[in-house]
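Structural description and commentary
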Amino acid sequence: MPVKDAVRTSVLSKKWRHRWTTMRRLDLRYEFSEKYSNIRAYQHTGLFRIVNHIMINHKGPILKFVLHMPEEINFDSFQEVDQWMLILSRNNVRVLDFRNLHPFYQIPSSVFSCRELRALLLSKCILKPPLEFPGFPNLRYIFLRKVNFGSNVGQTVINLPHLKKLILHSCVNVNNFNIRAVKLRTLKVVNCLDAMLLRLLHILRFI
């Protein structure tokens, strides 16, 4: 059952009142915001209040989390989003899909502690792992669109021992994205003008 239907049903039925709080897959795509547009969801206090309610009251693991931030939302900071990411890091998230249409969002350090992560999909974010970040031991799929990798002080290498598919689309500072992924089968780089592809292939070789 989609989250929007579960939340609506919980209002109508005592039996379903707390059912949505234990859902293991939270899918908050653009359609979710559109569903609540008649209650000022596109304002900061609207959508954020709804998502805060869902995240704070959730019980148990969240295996999949999808959140798309429509450009119609008006807000000054990502403080609430940081809090949601922290909650996810404590709930064994395996699939994280965050699509952002606002100014670049810097992925917080809490995300890099998600050791159960299997799939990571990000759009319009800044991805700068901590210097001592060992990698994602279970990550299998990465899709990054309009991601800025910033600087890589010390040339940190990210270990992704189970990564099989990597897609980079319209990213910048890709030459700072140093990974070791010996099981990689698919590498797709689109419109990344500063991508040093040969360097990526060199690091991805079997060793």
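If you're wondering where the values come from, they're calculated on a predicted model, not measured in any experiment.

What follows is about the overall build of the protein chain. Helices and strands together make up the secondary structure of the protein chain, namely 5 helices and 11 strands. The buried share of the protein chain, taken over its 207 residues, is 45%. Within the protein chain, contacts between residues at least 6 apart in sequence are counted, and of these 47% link residues at least 24 apart. Carbon together with sulfur atoms contributes 52% to the accessible area of the protein chain, which is approximately 11000 Å² in total.

This model, assessed by the stated rule, comprises 2 salt bridges. A salt bridge links aspartate 97 to arginine 99; the shortest N-O distance between them is 2.6 Å. A salt bridge links arginine 118 to glutamate 116; its shortest N-O distance comes to 2.9 Å. By relative accessible area, arginine 118 is classed as partly exposed at 24%.

A word on the state of the cysteines. A full pass over the atoms with the stated rule returns 0 disulfides. Here cysteine 192 is not disulfide-linked; the sulfur of cysteine 171 is the nearest cysteine sulfur, at 4.6 Å. The buried category is assigned to cysteine 192, whose relative accessible area is 8%.

Let us now look at the packing of aromatic side chains. A complete count under the given rule lists 6 aromatic pairs for this structure. Both rings, one in phenylalanine 112 and one in phenylalanine 133, keep their centres 5.1 Å apart while their planes meet at 70 degrees; by these two values the pair is edge-to-face. A residue pair is termed long-range when its members are at least 10 positions apart, and phenylalanine 112 in the loop between strand E4 (105–106) and strand E5 (119–123) and phenylalanine 133 in the loop between strand E6 (125–126) and strand E7 (141–145) qualify at 21 residues. Overall, the relative accessible area of 9% leaves phenylalanine 112 in the buried class. Judged by its relative accessible area of 6%, phenylalanine 133 is buried. Ring pairing ties together the aromatic residues Phe78, Phe98 and Tyr105, which thus form one cluster.

Another point: the pairing of strand E2 (residues 64–69). Burial within E2 is extensive, with 5 of its 6 residues counted as buried. Across 4 bridges, the pairing between strand E1 (residues 25–28) and E2 is parallel. Paired with leucine 28 across the bridge in E2 is leucine 67. Judged from the 6 bridges that link them, E2 and strand E3 (residues 95–100) form a sheet pairing that is parallel. Residue histidine 68 lies in a different strand from E3, and its bridge partner there is arginine 99.

Now for the confidence of the model for the protein chain. Counting all residues, the mean pLDDT for the protein chain is 80, and 72% of those residues have values of 70 or more. Per-element mean pLDDT across the protein chain ranges from 48 in helix H1 (residues 3–12) up to 98 in E7. The low-confidence segment residues 9–13, where pLDDT is below 50, has 5 contacts with residues more than four positions distant or belonging to other chains.

Conventions adopted
- Residues numbered from 1 in each chain as written.
- Predicted model: local features only at pLDDT ≥ 70, side-chain atom pairs only at ≥ 80, totals over all residues.
- Heavy atoms only, no water.
- Helix = DSSP H or I, 4+ residues; strand = E, 2+ residues; numbered from the N terminus.
- Buried < 20%, exposed > 50% of the residue type's maximum accessible area, 1.4 Å probe, protein only.
- Contact = heavy atoms within 4.5 Å.
- Areas by Shrake-Rupley, 256 points an atom, 1.4 Å probe, with all protein chains shown as cover.
- Salt bridge = Lys/Arg side-chain N within 4 Å of Asp/Glu carboxyl O.
- Disulfide = S-S within 2.5 Å.
- Phe/Tyr/Trp six-rings, centres within 6.5 Å; stacked < 30°, edge-to-face > 60°.
- Pairing = 2+ DSSP bridges.
- pLDDT = per-residue confidence, 0-100.

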